[in-house]
Amino acid sequence: MNTPLTPLPFRAPGSDGTGRQGYPPAPEPLPVPVMDNHTHLDFAHATVDVTVSIADALDAAEAVGVQGAVQVGCDLESSRFTVQAVELDPRLLGAVALHPNDAPAYAARGELEEALAEIEALAAHPRIRAIGETGLDFFRTKGEGLAHQRYSFRRHIDIAKRLGLTLQIHDRDAHDDVVQVLREEGAPERVVFHCFSGGEELARICNSEGWYMSFAGTLTFKNAANLRAALAIAAPERILVETDAPFLTPHPHRGRPNASYLVPYTVRAMAELTGWELSELCARIAGNTLQAYGSWD
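Since this is a predicted model, take the numbers as computed values, not measurements.

Outline the nonpolar core, listing residues and values.
By size, the foremost hydrophobic cluster in this structure holds 75 residues, and its most contacted members are Phe153, Leu167, Leu182, Phe193, Phe196, Val267 and Met270. With near-sequence residues (within four places) excluded, Leu182 lies in contact with Phe153, Ile157, Leu167, Ile169, Ala187, Val191, Phe193 and Trp211. Val192, Leu240, Ala286 and Trp296 belong to the second largest nonpolar core, which has 13 residues in total.

Now the structure itself:
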């Protein structure tokens, strides 16, 4: 996720939408509840009271078998929002960080160290369970900014290890370098590759290292053969699911805004691709999510 786009209002599934820009209809509920382990609720409509929009979004998710979510920060503003959000609704846990594409901007202003210190302070909240999203992005950041990305990533790894938190990885066009940094620094006990974007090679590394692979709606895209190949060999105990809402809406609603209530589309695609019985897959995902982030209670 990058700099926020024009925010869209959350409308409960089944309400009147606006064509492609409206929220898709609600899917059939899952037989066993799961959690969306990566969403961005601060991309709700700016004029909607946060206590209403968060509750609406989570109510819609719960109605289809998505019983909780991890709200993820990507800069200081969204990380502060995340701490507020997890205090408003027990169905939320949180993650805080500086996104790799934002780290160079903080560095250019001479604010990176101060920002990292605030991230660490925010992460002390008991319902903040992860440092993320952090990592490397070679698609949007080039040149001198890459050094700041790498430095920020290493600092986030250190924070996660010292605080005993899960690390949520943003990895875009940087698989080898992300793995190299994790090995050089020594990875935290729990690592999640958010919106897993690799293929079989990265999946094998994650299996070997004990890192989680979180699959998003991209798995359902026609051009995502690499993701389907990775899922086919992913260790069952390392599979998670997410939305990265409001982005990456799964087929058949690609291009419309995403939300946690759409997770069942991705889970059903995962079951079809792997041949797993749906209830068994849901139970596995739920158990893995609790192992990765701890209890929502």
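Give me the pattern of salt bridges: which residues, what numbers.
Applying the stated criterion across every chain yields a total of 14 salt bridges. Linking Asp89 and Arg91 is a salt bridge whose minimum nitrogen-to-oxygen distance equals 2.8 Å. Each of Asp59, Glu62, Asp89 and Arg91 takes part in a single network of salt bridges with overlapping partners.

Mind laying out the pairing of strand β4 (residues 128–137), listing which residues take part and the relevant values?
Counting buried residues in β4 gives ten out of ten residues, a clear majority hidden from the surface. Strand direction decides the pairing type here: strand β3 (residues 92–96) and β4, joined by three bridges, are parallel. Among the inter-strand pairings, Ala95 is bridged to a residue of β4, identified as Ala130. Examined bridge by bridge, β4 and strand β5 (residues 166–172) share six bridges and lie parallel to one another. Bridge assignment links Thr134 to a residue of β5, and that residue is Ile169. Regarding the hand of the β-α-β motif, the stretch spanning β4, helix α5 (residues 145–163) and β5 is right-handed.

Just give me the short version of the sheet that holds β4, but keep the residues and values in it.
Strand order in the open sheet made by the eight strands is β1-β2-β3-β4-β5-β6-β7-β8, with parallel pairing throughout. Sheet topology places β1 (34–39) and β8 (239–241) at the edges, where each strand pairs with a single neighbour. The sheet shows a mean angle of 30 degrees between the axes of neighbouring strands, direction not considered. When β5 meets strand β6 (residues 191–193), the two strands line up parallel, connected through three bridges. Bridge pairing in β6 places Leu167 opposite Val191. Across the sheet, helix α2 (residues 76–88) is in contact with β2 (66–72), β3 and β4; its angle to β3 comes to roughly 160 degrees. Across the sheet, helix α6 (residues 175–185) is in contact with β4, β5 and β6; its angle to β5 comes to roughly 150 degrees.

Reading the values: rules and limits
- Residues numbered from 1 in each chain as written.
- Predicted model: local features only at pLDDT ≥ 70, side-chain atom pairs only at ≥ 80, totals over all residues.
- Heavy atoms only, no water.
- Core = buried A, V, L, I, M, F, W, Y, C linked by side-chain atoms within 4.5 Å.
- Buried < 20%, exposed > 50% of the residue type's maximum accessible area, 1.4 Å probe, protein only.
- Contact = heavy atoms within 4.5 Å.
- Salt bridge = Lys/Arg side-chain N within 4 Å of Asp/Glu carboxyl O.
- Helix = DSSP H or I, 4+ residues; strand = E, 2+ residues; numbered from the N terminus.
- Pairing = 2+ DSSP bridges.
- Right-handed = clockwise from strand over helix to strand, strands pointing away.
- Axes fitted to C-alpha atoms, helices over the stretch in contact; angles between N-to-C directions.

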